[in-house]
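Here is how the chains run, residue by residue.
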Amino acid sequence: MASLSSSSSLWHGVSLRGPRSGSFAATRSSPLIGCRRNFRRSFFVASSALANENREFVIVGGGNAAGYAARTFVEHGMADGRLCIVAKEAYAPYERPALTKAYLFPLDKKPARLPGFHTCVGSGGERQTPEWYKERGIETIYNDAVTSIDIEKQTLTTNSGKLLKYGSLIVATGCTASRFPEKIGGNLPGVHYIRDVADADALISSLEKAKKVVVVGGGYIGMEVAAAAVGWKLDTTVVFPENHLLQRLFTPSLAQRYEELYKENGVKFMKGALIKNLEAGADGRVAAIELQDGSRIEADTVVIGIGAKPAVSPFESVGLNTTVGGIQVDGLFRTSVPGIFSIGDVAAFPLKIYDRVARVEHVDHARRSAQHCVNALLTAQTHTYDYLPYFYSRVFEYEGSSRKVWWQFYGDNVGETVEVGNFDPKIATFWIDSGKLKGVLLESGSAEEFQLLPKLARSQPLVDKAKLQNASSVEEALDIARSSLPVDATV
Ligand SMILES: Cc1cc2nc3c(=O)[nH]c(=O)nc-3n(C[C@H](O)[C@H](O)[C@H](O)COP(=O)(O)OP(=O)(O)OC[C@H]3O[C@@H](n4cnc5c(N)ncnc54)[C@H](O)[C@@H]3O)c2cc1C
């Protein structure tokens, strides 16, 4: 039942490479401490042009992190009349992961739509509709990206020409989807990238007319979109350059299990394949993709899921990280400029548990970094962020699907792996490095089993690898891992 293999320490969707956080901390200026009276800078200005434009706290970016930050401001009683959110999108913050999950369900299978998944429903919290912000005195400016910042004057300019003065600023601009260049057809009609609701709506319009879908990328976006497309009963092919799905997280053996499941659901794979060109048909829409080996796959809809880039513009001047990208912050999410903070996908922060700087493009970090940053900003809290990497995916969850998939991973995928379970539906993979349990992935666990995973990954107990390998079931393997935990293990 158990199998053993080696793995590299690459983490899907997470840039964990970078200098050790010790040196990072040593080179940081410490402009502020997390105490209200100290973060306040020149909040009130004399300029009459800005007299009605003073905002005490401004969050730029209306995504996951912004929604959770707003909730934390409210919890501290510091939102009413003091907080402003400036967002490029036309919607109040929402749980972005839904866009490639329930949002893409076939139209007759009750797809999710706003306002159903505004933050903070993803973690069991209140649904923060546009009215929620209004009722709590939070100013929201939608559909208006911030285009420049003046650090000296503490002002922001928006696309529509608004000039906003801030006291403290939180940059929560997330990422943008990586695109193929225009010259190889990356902008053709019928070619889609998914980052926001507008992108997902455009994809749904294409899916309504589609016959042949090609998904480029074997990461989580590719896996989720492919699972959705076959739910629409569309001819679906996933093309990616690696040897197997989710190469940076899954072991080859685990990937094979999922690939088989996808195939049973009608998905075709072209692995080890590089895109050369996206071809247009006579109507100007995408008609096929051409691979480097000369082969061609016809497609009327192409979805590209090849990664994302931190949306640092126009905030480069607050300090960028050159190894993992993004805006460099310390363990309290302070940038090198006093009064400016950064959270969520865009922030490069010290990942204390593994002593390195990281950017984490996952919703759990967006939520927690937002809460930690606002708590530090508004109170005397000085303990630094101590994040445990967590990643999950959910696919084939639409009505009528023969097997719903939900897996979770905690920790670091370093060292050897032990796989236990027959994938019917359960399976678990344990990553063991120098005898210590460093990471664990579980498919189709119970609530109690899923709760065990962060404890294991946080405690990194010494485990008996041979015992794990001989476990006859996932339940037994988890019991072995649980029994290796210290009695006082916490998350
Ligand atoms: C399709 C999809 C599926 C995902 N699925 C999962 C999943 O299953 N599990 C998981 O853990 N994570 C998932 N993620 C990642 C997760 O959604 C992100 O980690 C999370 O949304 C990050 O929150 P954020 O607030 O930092 O950025 P975002 O939620 O991306 O929000 C950033 C916001 O800032 C806005 N913005 C950018 N620049 C400006 C500007 N100059 N002015 C004003 N506004 C600006 C953007 O338009 C956006 O609305 C998924 C992401 C995507 C795109």
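Analysis parameters
- Residues numbered from 1 in each chain as written.
- Predicted model: local features only at pLDDT ≥ 70, side-chain atom pairs only at ≥ 80, totals over all residues.
- UniProt positions renumbered as here; feature names shortened; annotations may be inferred.
- Helix = DSSP H or I, 4+ residues; strand = E, 2+ residues; numbered from the N terminus.
- Expected span 1.5 Å × (residues − 1).
- Buried ≥ 20, exposed ≤ 12 C-beta atoms within 10 Å, placed from the backbone.
- pLDDT = per-residue confidence, 0-100.
- Contact = placed C-beta atoms within 7 Å.
- Pairing = 2+ DSSP bridges.
- Axes fitted to C-alpha atoms, helices over the stretch in contact; angles between N-to-C directions.
- Near = placed C-beta within 6 Å.
- Nonpolar A, V, L, I, M, F, W, Y, C, P; charged D, E, K, R; others polar.
- Domains from an automatic or database assignment.

By the naming in an unreviewed UniProt entry, the chain goes by monodehydroascorbate reductase (NADH) and is assigned to Morus notabilis. Quoted verbatim from the Cofactor (unreviewed entry) heading of the UniProt record, the comment on the chain is "FAD". Under the heading Sequence similarities (unreviewed entry), UniProt records this for the chain: "Belongs to the FAD-dependent oxidoreductase family."

As a further point, take helix α8 (residues 363-378). Taking 1.5 Å per residue as the helical rise, α8 with its 16 residues ought to reach 22 Å, and the 23 Å between its terminal C-alpha atoms agrees with that figure. Of all 16 residues making up α8, 13 are buried, and the element is well covered by its neighbours.

Reading predicted coordinates in detail is not appropriate for stretches of low pLDDT. When the pLDDT values of the chain are averaged, the result is 90; 89% of them are 70 or greater. Low pLDDT (under 50) marks residues 1-52, which in the prediction has 122 contacts with non-local residues, meaning those over four places away or in another chain.

In this section: the sheet that holds strand β14 (residues 275-280). With antiparallel pairing, 3 strands are arranged side by side in an open sheet as β14-β15-β16. Lying at the two open borders of the sheet, with one neighbouring strand each, are β14 and β16 (296-298). Between one strand and the next, the sheet's axes are offset by a mean angle of 20°, whatever the strand orientation. Pairing between β14 and strand β15 (residues 286-291): 5 bridges, direction antiparallel. When the sheet's bridge partners are listed, L278 is paired in β15 with I289.

Let us look at the pairing of strand β22 (residues 356-360). For β22, the buried fraction is high: 4 of the 5 residues fall into the buried class. What sits between strand β21 (residues 347-351) and β22 in their antiparallel hairpin is a turn of 4 residues, with D355 showing a positive phi close to 50°.

Our focus in this paragraph is the environment of D412. With respect to the helices and strands, the residue D412 is situated in the loop between β24 (405-411) and β25 (415-420). Spatially, the C-alpha atoms of D412 and K438 are 5.5 Å apart, while their sequence positions differ by 26 residues.

Contacts to the ligand come from 38 residues, most closely from G61, G63, A65, G174 and G344. Elements represented by at least two residues in the shell around the ligand include exactly α3 (64-75), α6 (220-231), α8 and β23 (390-395). Partitioned by chemical class, the residues of the shell around the ligand number 20 nonpolar, 10 polar and 8 charged. When residues of the shell around the ligand are assigned to domains, at least three map to each of domain 1 (24-176 + 309-378) and domain 2 (179-306).

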